[in-house]
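Each chain is listed here by its residues.
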Amino acid sequence: MTVTLRQALGHDLDALYRLEQVAFSGDRFSRRQLWHLLNRANALTLVAERDAEDLSPMRLLGYGTLLFRRGTRRARLYSFCVHPEARGTGLGRRLLEALEAEAREHDAEVLGLEVRVDNSVALELYRRMGFRPERWLSDYYEDGCAGWQMAKALLPEKEAAQADEG
Ligand SMILES: CC(C)(COP(=O)(O)OP(=O)(O)OC[C@H]1O[C@@H](n2cnc3c(N)ncnc32)[C@H](O)[C@@H]1OP(=O)(O)O)[C@@H](O)C(=O)NCCC(=O)NCCS
């Protein structure tokens, strides 16, 4: 199966909403919130899209949204998921690497995120990708679960490539 990563467009709203329903078990974005994410100037969403020849009704297999704020070199990973049927195949890592590259292109020097303390898969993925816990967020999620704020320093493109080779 070929999966392409590209920037989300307005017409992705319905597919994004369907993905949001199956990928998260709580704290989901509403259609209206997703619409805002697709349309706000300081947000960037990448989607992972299945090949056009693939006739499966589930076209989008993952997405991630970055938020940028004026006056800071810190970008935020605001939402990030992979369709349950596509998990464990490296797509999450691929999407996150592409989001990091986008953050770098936007001159971000740090990428921050929040993650539930009981989300061991995401925690492990972030840890392996170089994110480190920064702050404990008690009672952070709608069910009262605590979270970790994590962050990663983003090396400039050239240095990141050298670090991968070494
Ligand atoms: C977190 C999530 C995006 C990972 O996506 P994925 O496509 O399964 O991730 P990958 O296949 O790229 O795996 C990347 C790493 O995650 C970890 N991982 C993946 N599946 C795992 C599992 N079942 N158990 C433990 N660790 C696992 C591994 O560390 C893996 O590293 P490796 O490639 O070196 O082995 C996905 O599980 C998801 O969408 N979860 C629900 C939404 C969510 O929690 N989003 C994050 C909110 S902060």
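Please read these numbers as outputs of a predicted model, since none were measured by experiment.

1. As for the pairing of strand S3 (residues 60-67)
- The buried count for S3 comes to 8 of 8 residues, which makes it a mostly enclosed element.
- Two elements, S3 and strand S4 (residues 74-82), share 6 bridges in a ladder whose sense is antiparallel. Counterpart to Tyr-63 in the pairing with S4 is Cys-81.

2. Some thoughts on the sheet that holds S4
- Read from one edge of the open sheet, 7 strands run S1-S2-S3-S4-S5-S7-S6, paired in mixed fashion. The open sheet has two edge strands, strand S1 (3-7) and strand S6 (132-137), and neither has a second partner. For this sheet, the mean inter-axis angle between neighbouring strands, taken without regard to orientation, is 25 degrees.
- The sheet strands contacting helix H3 (residues 91-105) are S1, strand S2 (43-50), S3, S4, strand S5 (110-116) and strand S7 (147-153), and the helix crosses S4 at an angle near 155 degrees.

3. Considering the site of the ligand
- Contacts to the ligand come from 21 residues, most closely from Phe-80, Val-82, Gly-90, Asn-119 and Arg-128.
- Take Phe-80: an N or O atom from its main chain is 2.7 Å from a nitrogen atom of the ligand.
- At 2.7 Å from an oxygen atom of the ligand is found a main-chain nitrogen or oxygen belonging to Val-82.
- Contact with the protein chains hides 72% of the accessible area of the ligand, taken as 930 Å² for the molecule alone.
- Mapped by element, the contributors of at least two residues to the shell around the ligand are S4, H3, S5 and helix H4 (120-128).
- Considering every element that reaches the shell around the ligand, the biggest residue donor is H4, with 6 residues.
- Partitioned by chemical class, the residues of the shell around the ligand number 11 nonpolar, 5 polar and 5 charged.

4. Section: the side chain of Glu-102
- Looking at the secondary structure, you find Glu-102 in helix H3.
- At 10 Å, Arg-104 is the nearest oppositely charged side chain to Glu-102, a buried residue that forms no salt bridge.
- Excluding anything up to four places from it in sequence, Glu-102 contacts Leu-44, Leu-46 and Leu-66.

5. As for the pattern of salt bridges
- For the structure on display, the rule yields 14 salt bridges.
- With a shortest N-O distance of 3.0 Å, Glu-49 and Arg-6 are connected by a salt bridge. Here Glu-49, found in strand S2, pairs with Arg-6, found in strand S1; they are 43 residues apart in sequence, far enough to count as distant. For the pair formed by Glu-49 and Arg-6, the shared burial category is buried.

What counts and what doesn't
Residues numbered from 1 in each chain as written. Predicted model: local features only at pLDDT ≥ 70, side-chain atom pairs only at ≥ 80, totals over all residues. Heavy atoms only, no water. Buried < 20%, exposed > 50% of the residue type's maximum accessible area, 1.4 Å probe, protein only. Helix = DSSP H or I, 4+ residues; strand = E, 2+ residues; numbered from the N terminus. Pairing = 2+ DSSP bridges. Axes fitted to C-alpha atoms, helices over the stretch in contact; angles between N-to-C directions. Contact = heavy atoms within 4.5 Å. Near = heavy atom within 4 Å. Polar contact = N/O pair within 3.5 Å; in protein donor to acceptor, adjacent residues only side chain to side chain. Areas by Shrake-Rupley, 256 points an atom, 1.4 Å probe, with all protein chains shown as cover. Nonpolar A, V, L, I, M, F, W, Y, C, P; charged D, E, K, R; others polar. Lys, Arg positive; Asp, Glu negative; His and termini not counted. Salt bridge = Lys/Arg side-chain N within 4 Å of Asp/Glu carboxyl O.

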